[in-house]
Amino acid sequence: MDEKKEKNKPETAVKKELFEKAELFDRDLKVIAAINKSVRGAEFKRIYSGKAEIDERNEKRFMAILNFFTASNAEQMQRIYYSSKIYDAEKGKAYAADLIGGAIKQGEDFSKQMKTQLKNRQKSASAAKGAAR
């Protein structure tokens, strides 16, 4: 396909091509679109497209974003990761699984920490109200 036709290709055709090429589901494309519209969109695009340095730090950032937007769906995270330019097949699937598992664990730990802090604040507020009576 020549360059002129490529530029004029309808958005749905581009999405379909991406869908077929990377074996992404429609819900994966929706997650990618939501991320791109978010505050972290520019960072995600840079890493996803391979424009950012491919290192462990950026891989972990990428996974943290995916973990949040996929609600810790490991299979969906894996599909999107495999479709990205940051994915390196030479590192192997075990590396990808460890990366995904680590992001999910870190997200869970963060959630537990925030819940504990919220409970402690609520207890302090309740105690202060009781003391004021």
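**Describing the packing of aromatic side chains**
- Evaluated as defined, the whole model comprises 8 aromatic pairs.
- For the pair Phe44 and Tyr48, a centre-to-centre distance of 5.5 Å together with 20 degrees between the ring planes defines the contact as stacked. With Phe44 and Tyr48 both in helix H4 (residues 41-48) and 4 residues apart, the pair spans about one turn of that helix. When sorted by exposure, Phe44 lands in the same class as Tyr48, which is buried.
- Seen in terms of ring centroids, Phe68 and Phe69 are 5.2 Å apart; in terms of plane orientation they differ by 80 degrees. Their pairing is edge-to-face.
- Put simply, the rings of Phe44, Tyr48, Phe62, Tyr81, Tyr82 and Tyr87 pair up and form one aromatic cluster.

**Quick notes on the packing of helix H5 (residues 56-70) against helix H6 (residues 74-83)**
- Remark: H5 packs on H6, axes separated minimally by 10 Å, with the N-to-C direction vectors making an angle of 135 degrees. Compared by their axis directions, H5 and H6 come out oblique. Seen along the crossing, H5 lies across H6 with a hand that is right-handed. For the pair formed by H5 and H6, the contact residues are Glu59, Phe62, Met63, Leu66, Asn67 and Thr70 on the first element and Gln76, Met77, Ile80 and Tyr81 on the second.

**Regarding the side chain of Asp28**
- Within the fold, Asp28 resides in helix H3 (residues 26-37).
- Residue class for Asp28 comes out buried when judged on its relative accessible area of 0%.
- Within the structure, Asp28 has its side chain in polar contact with the side chain of Arg79 (distance 2.6 Å).
- Leaving out residues up to four positions away in the same chain, Asp28 has contacts with Gln76, Arg79 and Ile80.

**Remarks on the pattern of salt bridges**
- For the structure shown, the criterion picks out 7 salt bridges.
- Glu59 is the partner of Lys91 in a salt bridge, and the nearest nitrogen-oxygen pair spans 3.2 Å. You can see Lys91 sitting in the loop between H6 and helix H7 (93-132) and its partner Glu59 sitting in helix H5, a full 32 residues away along the chain.
- On the basis of relative accessibility, which here comes to 35%, the residue Lys91 falls in the partly exposed class.
- Among the residues examined, Glu59 registers a relative accessible area of 0% and is labelled buried.
- One network of salt bridges, in which partners are shared, links Arg40, Glu43 and Arg61.

Reading the values: the criteria
Residues numbered from 1 in each chain as written. Predicted model: local features only at pLDDT ≥ 70, side-chain atom pairs only at ≥ 80, totals over all residues. Heavy atoms only, no water. Phe/Tyr/Trp six-rings, centres within 6.5 Å; stacked < 30°, edge-to-face > 60°. Helix = DSSP H or I, 4+ residues; strand = E, 2+ residues; numbered from the N terminus. Buried < 20%, exposed > 50% of the residue type's maximum accessible area, 1.4 Å probe, protein only. Axes fitted to C-alpha atoms, helices over the stretch in contact; angles between N-to-C directions. Parallel < 35°, antiparallel > 145°, perpendicular 65-115°, else oblique. Left-handed = near helix turned anticlockwise from the far one by under 90°. Contact = heavy atoms within 4.5 Å. Polar contact = N/O pair within 3.5 Å; in protein donor to acceptor, adjacent residues only side chain to side chain. Salt bridge = Lys/Arg side-chain N within 4 Å of Asp/Glu carboxyl O.

Nothing here speaks to function; it is all geometry.
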